[in-house]
Amino acid sequence: MSEPTSMSRLAASATSFGVVALALGLVAQGVPQAVVGALPSQPDVMTPSLVSAEAPVRQVVCAGPFLGFVQQETTPRGFGEPSLNILGSAFEQIPLASEDLLDVYAGTDGKIAALPIFAEQAAEAGFLAGSSASNIDTPFARGYEASICQTPASESWLVAGSTTTGRNSVVSLANPGSVQAIVDLEIFGTTGVISAPAARGILLQPGERRVFSLSGLAPDQSSPVIRIQSAGTPVTASLHVSLTRGLQPDGLDVATTQLPPTTTRILPGLWLESEEQLGSVLGIEGYSDVGPILRLLSPDADTSATISLVRPVSGDVSIGVELQAGRVFDVSLDELGQGWASVRIDADQPIVAGIRHSSVGENKTDLAWVPSAALIEGLGSVVVPRNIDAVVQMTSASDEATTVTFARVSDDGQSVLGQGSQELGPGQFATKGLGSQGGNYLFETTGKVALSVALLEAGSIATLPVVAPPASLPEVSVFAR
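Our subject in this report is the structure included herewith. (Residues numbered from 1 in each chain as written. Predicted model: local features only at pLDDT ≥ 70, side-chain atom pairs only at ≥ 80, totals over all residues. Heavy atoms only, no water.)

### Some thoughts on the overall build of the protein
Thought 1: Along the protein, the regular secondary structure elements total four helices and 36 strands.
Thought 2: Across the 481 residues of the protein, 53% fall into the buried class.
Thought 3: Sequence separation of 24 or more characterises 79% of the internal contacts of the protein that already satisfy a separation of 6 or more.
Thought 4: With the model as given, the accessible surface of the protein reaches about 21,000 Å², and the carbon-plus-sulfur share is 50%. (Helix = DSSP H or I, 4+ residues; strand = E, 2+ residues; numbered from the N terminus. Buried < 20%, exposed > 50% of the residue type's maximum accessible area, 1.4 Å probe, protein only. Contact = heavy atoms within 4.5 Å. Areas by Shrake-Rupley, 256 points an atom, 1.4 Å probe, with all protein chains shown as cover.)

### A closer look at the sheet that holds strand 33 (residues 439-445)
Within a sheet, each strand pairs with its neighbour through backbone hydrogen bonds, oriented either parallel or antiparallel.
Thought 1: In space, the four strands of this open sheet follow the order 28-33-30-31, with antiparallel pairing throughout. Only two strands of the sheet have a single neighbouring strand rather than two, namely strand 28 (379-384) and strand 31 (416-424). For this sheet the average axis-to-axis angle between neighbouring strands, irrespective of direction, equals 20°.
Thought 2: The pairing of strand 30 (residues 402-409) with strand 31 spans eight bridges and is classified as antiparallel. Counted as the bridge partner of arginine 408 is glycine 418 from strand 31. (Pairing = 2+ DSSP bridges. Axes fitted to C-alpha atoms, helices over the stretch in contact; angles between N-to-C directions.)

### Some details on the state of the cysteines
Thought 1: As enumerated under the stated definition, the model contains one disulfide in all.
Thought 2: Between the sulfur of cysteine 62 and that of cysteine 149 lies a disulfide, 2.0 Å long from S to S. Measuring the twist about the S-S bond at about 100°, one finds the cysteine 62-cysteine 149 disulfide to be right-handed. Highlighted residues: cysteine 62 in the loop between strand 2 (58-61) and strand 3 (66-68) and cysteine 149 in the loop between strand 10 (142-148) and strand 11 (155-159), separated in sequence by 87 residues.
Thought 3: For cysteine 149, a relative accessible area of 5% puts it in the buried group. (Disulfide = S-S within 2.5 Å.)

### Thoughts on the nonpolar core
Thought 1: Residues Leu173, Val183, Leu185, Ile187, Ile226, Ile228 and Leu239 are the most contacted members of the largest nonpolar core, which totals 28 residues.
Thought 2: Those elements giving two or more residues to this core turn out to be strand 12 (167-175), strand 13 (181-189), strand 15 (202-204), helix 3 (214-217), strand 17 (225-231), strand 18 (236-245) and strand 26 (364-371).
Thought 3: Among the nonpolar cores identified, the runner-up in size contains 25 residues, and Met394, Phe443, Leu455 and Ala462 belong to it. (Core = buried A, V, L, I, M, F, W, Y, C linked by side-chain atoms within 4.5 Å.)

Below, the structure is given as structure tokens:
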């Protein structure tokens, strides 16, 4: 797309949705069978018609304040109010009902943390997307976090976190629907499935958010993976992760979900910190996990997997690993050079995968979890926070040349403010700087591409996956007499 008008078409095309399938039975006419059999003519040929149903309302759930712990408390607190940015032309913001969580500085006045929100908009109004971001610096948690506002799903996976000493993880579940949801969490660790009776049968009322300490469900786990399944209505889940090194807070993130297992996973946007920067902290007690790792799980069967790292500067690397069914496996990605890289995993059996990477600054570090990216074939969107350098990462999953076209658009998605494109060869990885002004970005691809946006400065890091709008429903021919 070389002209701005074509990018307007890109924004408008998100309003095109299919119809809901309907099955209509024929009604008996009450004519005697003998009379029908004696008729000389053939039955009339029925002409099919299409019956359209109203497209569903779109919803995205934003994480709300970062959730962490204060000293020895077992109930998390909210840390400030994140900046919230939403792309949409006619959305409504609705607060989620939640148990009252204190603000980190509640003190004697008992200040309550802000409620998370969800946004909803009629499907025909176009794109709906959002993100929230916080820069937190308190005696109890420190770091930069940014996360997308998520679309509810009936099954999703969280590949992130730890519950060992000094590592805190809070699970947040939200139901923006109009009926109650029953949620089951299945937690995997390095030795297999973890018994957690309290993680089963979690009731979420309509419009409700509930939070749980992952340490209370799965204590002392270095490498948890969580499967989220809901009955009744789709839900969203996020994992609020924070580190304490010795007595000092040092790094946090809000990890978002990924799609159910598949045999190929692509994670664009691995940041490889320089050996000089890593060397300044690796020798200090409590910093052994500052290096990048790849977390893998084959939930149902043993499998062989090939890990391929694409490094534009240093060259590509491939290694093979063996995964045991139900056991989480972490692979160190240390000593692989410096700069951006992309990771692809091909396995014989369906897997999930996530990356933890870090940014080292002066007297501080930060971490972020990169989920396996959904493959975009057509349209995608992401809302980028401002005041931090952003880089879009693109990895082709196609066997043919692919074009990625992107545009920065107004908050309602109707005006194009800037645009660009990138050509990708088969399997190629490329990056493009977006600056620090933030904004709403729409993408269109001619083949399957994994896309994410990384937010990076010294001592601050976060990753935002690019997501596609809901798939169009198929058209169905309906016959009636």
